[in-house]
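Here is what each chain is made of, one letter per residue.
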Amino acid sequence: MVVGDLAQEVDVLVIGAGPGGYVAAIRAAQLGKNVTIVDKGALGGVCLNRGCIPSKAMISAAERYTHIKEASDVGIEVSGDVKVNMPKLVEWKNGVVKKLTGGVKSLLKGNKVEIVSGEAYFSGPNSVRVSNDESAQTYKFNDVIIATGSRPAELKVLPFDGKRILSSTDALNLQEVPERLVVVGGGYIGLELGTAYAKLGAEVTILEGTKSLLPGTDPSLTKMVTRKLKKLGVTVVTEAMVQGGEVNGDEVTVRASVKGEEKTYTGDYCLVSVGRTPNTDELGLDIAGVELDERGFIKIDNQCRTNVDHIYAIGDCAGGALLAHKASYEAKVAAEVISGQNSVIDYQAMPFVIFSDPEIAYTGLTESEAKEEGYDPVVSRFAFQANGRALSMNAADGFVQVVADKETKQLLGVQIVGPEASTLIAEAVFAIEMGANAEDLALTIHAHPTLPETLMEAAEGVFGNAIHMVNKR
Ligand SMILES: Cc1cc2nc3c(=O)[nH]c(=O)nc-3n(C[C@H](O)[C@H](O)[C@H](O)COP(=O)(O)OP(=O)(O)OC[C@H]3O[C@@H](n4cnc5c(N)ncnc54)[C@H](O)[C@@H]3O)c2cc1C
């Protein structure tokens, strides 16, 4: 008998060990299930290995460099060369990644989750074949959670070559700061990495196909970011449809039609960040009978169940917002449903964060979305320029905006552009989650001087009684 012919039986099989998969495995194990998790790559998935964590490490290093260069603004004179050592930066970033992926491994082991390395392929609705270079093994399961995530979408006219035409993964591992970097795609990934490289000294051009950067994000939030990009020397070209490009030696030239006019942009590297493709095409989902939508994402209900009762899908491969915390949130729902609980997805207070400069974060409804949903919204905006802490940090660009229902003052949404927006949004998410109204937020004592005071003041503004701004009457 060939090793692996005897199928192993598990309660729950999780395919993919990203922030969706590993969280699902741990929660299912906590709830008493016998769980096996399989991944063909490194534990932690995209987020830990080539997404959230490495990109934030790079952004923080780039910010530190900028702060040193701009230190004289606050009276700190730096003499001598301040240089970027890119190989060291990448090595440090890799160290951060290693620490976290090691942590995931310990957590899985600590929860008695069996870890299997290999590529999974459905051999039927209740079985998966996992193969790696050395062996193959069939697993039979009662329930399976698909968390295979996504990969960078390729532009047919400008395919990745990993040397000059880069995916986000390649761009996180460059051994030098490009002199000129062309970024194709002005979504959050292109913007975050483009900004980091601009701060590290590259001359960056961002080509975006639509009319503005960060399509889908409220323009009032992006305006401030666009202004800052200009200050950093980044060229933003909108309505630029990329037609193709060529690599010549150490250079890459990208051809684009900009508002109908043919233009070329040359850089020593080009980062293509035009979206993500779900990893649902090489998994044998047809054999399991799992339905996909027209873009290849797995269709799920509000309990993360696919059209096949005992097959669940979570995270990027199930579409919606392609964000790590959304994957982990769905992971808990799926694991709980499998374990007999009646959990359901509720995205009302989902945080969206963009680590731009300044940062953008929002949750709930914007003013126009609130109107569309039949509310009569009242909007109150408080500027960081009036916040002592922001000024003392020399980072006072931006505002906090609260959207509340006029009659009940129920909090409907919060939008922030400014310092630490990524952290500040947590209070708004919690408030909306708890069904708070603007008065609850306004009556909460906020420490002084801190950035969250802006949330309190914006909430007071809903009633026309903010202290540190002149209220609209
Ligand atoms: C540059 C970048 C920056 C990002 N920054 C942020 C951020 O700041 N905040 C945020 O919330 N999100 C961010 N994201 C998005 C975030 O990384 C994803 O939303 C998240 O990783 C999705 O988690 P997941 O578990 O669904 O899948 P993934 O993390 O994609 O993991 C899927 C796993 O499945 C495995 N797999 C796939 N197919 C198979 C198979 N057939 N067999 C076995 N294993 C398989 C893969 O090897 C992978 O490890 C960023 C993404 C990128 C690219």
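Under the annotation held in an unreviewed UniProt entry, the protein chain carries the name Dihydrolipoyl dehydrogenase and is attributed to Paenactinomyces guangxiensis. Within the UniProt record for the protein chain, the comment given under Sequence similarities (unreviewed entry) is "Belongs to the class-I pyridine nucleotide-disulfide oxidoreductase family." Per its UniProt entry, the protein chain bears the Catalytic activity (unreviewed entry) comment "N(6)-[(R)-dihydrolipoyl]-L-lysyl-[protein] + NAD(+) = N(6)-[(R)-lipoyl]-L-lysyl-[protein] + NADH + H(+)".

For the rest of this paragraph, the subject is the packing of helix α1 (residues 21-30) against helix α4 (residues 86-110). Where α1 meets α4, the axes come as close as 9 Å, and the angle between the chain directions of the two elements is 25°. The orientation of α1 relative to α4 falls into the category roughly parallel. Between α1 and α4 lies a crossing of left-handed hand. For the pair α1 and α4, the contacting residues are Tyr 22, Ala 25 and Ile 26 in the first and Val 104, Leu 107 and Leu 108 in the second. Counted by class, the contact of α1 with α4 contains six nonpolar, no polar and no charged residues.

Listed under "active site" (unreviewed entry) in the UniProt record, and renumbered for this structure, are His 448. Inspection of the secondary structure puts His 448 in the loop between α13 (438-443) and α14 (453-462). Only 2.8 Å separates the side chain of His 448 from the side chain of Glu 453, close enough to count as a polar contact.

The subject of this paragraph is a positive patch on the surface. A contiguous patch of positive charge on the surface is contributed by Lys 223, Arg 227, Arg 381 and Lys 472. Here Arg 381 is to be found in strand β20 (residues 377-383).

What follows deals with the pairing of strand β1 (residues 8-15). In the sheet, β1 pairs with strand β6 (residues 136-146) via seven bridges, with the strands oriented parallel. The partner of Val 14 across the bridge, within β6, is Ile 145. Of the strand pairs in this sheet, β1 and strand β2 (residues 35-39) are connected by four bridges, and their pairing is parallel. From the neighbouring strand, Val 14 faces β2, where its bridge partner is Ile 37. In terms of handedness, the path from β1 via α1 over to β2 forms a crossover that is right-handed.

Here we come to the domain arrangement of the protein chain. Segmentation of the protein chain into domains returns domain 1 (8-152 + 277-339), domain 2 (165-274) and domain 3 (351-463). Opposite the 15 residues of domain 2 that make contact, domain 3 presents 15 residues. Interface area for domain 2 against domain 3, summed over the two sides, is near 1,200 Å², with a carbon-plus-sulfur share of 68%. Looking at the side of domain 2 facing domain 3, the largest losses of area belong to Glu 192, Leu 221 and Met 224, adding up to 42% of the total buried there. Counting the contacts that link domain 2 with domain 3 gives two salt bridges. Lys 199 is the salt-bridge partner of Asp 357, the closest N and O atoms lying 2.8 Å from each other. At the junction of domain 2 and domain 3, the tally comes to three residue pairs in polar contact (both at pLDDT 80 or more). The set of elements that each furnish at least two residues to the side of domain 2 that touches domain 3 consists of α6 (188-200) and α7 (219-231). The element that contributes the greatest number of residues to the side of domain 2 that touches domain 3 is α7, accounting for six residues.

A few words on the UniProt feature "binding site: FAD" (unreviewed entry) in the protein chain. Residues annotated by UniProt as "binding site: FAD" (unreviewed entry) correspond here to Lys 56, Thr 148, Gly 149, Ser 150 and Asp 316. Within the fold, Lys 56 resides in helix α3 (residues 52-69). The class for Lys 56 is partly exposed, based on a relative accessible area of 23%. Tracing the sequence through the fold places Asp 316 in the loop between β17 (311-313) and α9 (324-338). Residues in contact with Asp 316, not counting those within four places in the same chain, are Gly 149, Ser 150, Phe 297, Leu 322 and Leu 323.

Here the focus is the pairing of strand β12 (residues 240-248). Strand direction decides the pairing type here: β12 and strand β13 (residues 251-258), joined by eight bridges, are antiparallel. Note on β13: the bridge partner recorded for Ala 240 is Val 258. Where β12 folds back onto β13 in an antiparallel hairpin, the turn is made up of two residues, including Gly 249, whose phi is positive at roughly 60°.

Strand order in the open sheet made by the five strands is β18-β19-β22-β21-β20, with antiparallel pairing throughout. On the outer flanks of this sheet lie β18 (352-354) and β20, each paired with one strand and no other. Between one strand axis and the next, the sheet turns by 10° as a mean value, whatever way the strands run.

Calculation rules
Residues numbered from 1 in each chain as written. Predicted model: local features only at pLDDT ≥ 70, side-chain atom pairs only at ≥ 80, totals over all residues. Heavy atoms only, no water. UniProt positions renumbered as here; feature names shortened; annotations may be inferred. Axes fitted to C-alpha atoms, helices over the stretch in contact; angles between N-to-C directions. Helix = DSSP H or I, 4+ residues; strand = E, 2+ residues; numbered from the N terminus. Parallel < 35°, antiparallel > 145°, perpendicular 65-115°, else oblique. Left-handed = near helix turned anticlockwise from the far one by under 90°. Contact = heavy atoms within 4.5 Å. Nonpolar A, V, L, I, M, F, W, Y, C, P; charged D, E, K, R; others polar. Polar contact = N/O pair within 3.5 Å; in protein donor to acceptor, adjacent residues only side chain to side chain. Patch = residues over 30% accessible without salt bridge, like charges linked within 9 Å, V, L, I, M, F, W, Y side chains within 5 Å. Areas by Shrake-Rupley, 256 points an atom, 1.4 Å probe, with all protein chains shown as cover. Salt bridge = Lys/Arg side-chain N within 4 Å of Asp/Glu carboxyl O. Lys, Arg positive; Asp, Glu negative; His and termini not counted. Charge placed at Lys NZ, Arg CZ, Asp CG, Glu CD. Pairing = 2+ DSSP bridges. Right-handed = clockwise from strand over helix to strand, strands pointing away. Domains from an automatic or database assignment. Buried area = accessible area lost by both parts, 1.4 Å probe. Buried < 20%, exposed > 50% of the residue type's maximum accessible area, 1.4 Å probe, protein only.

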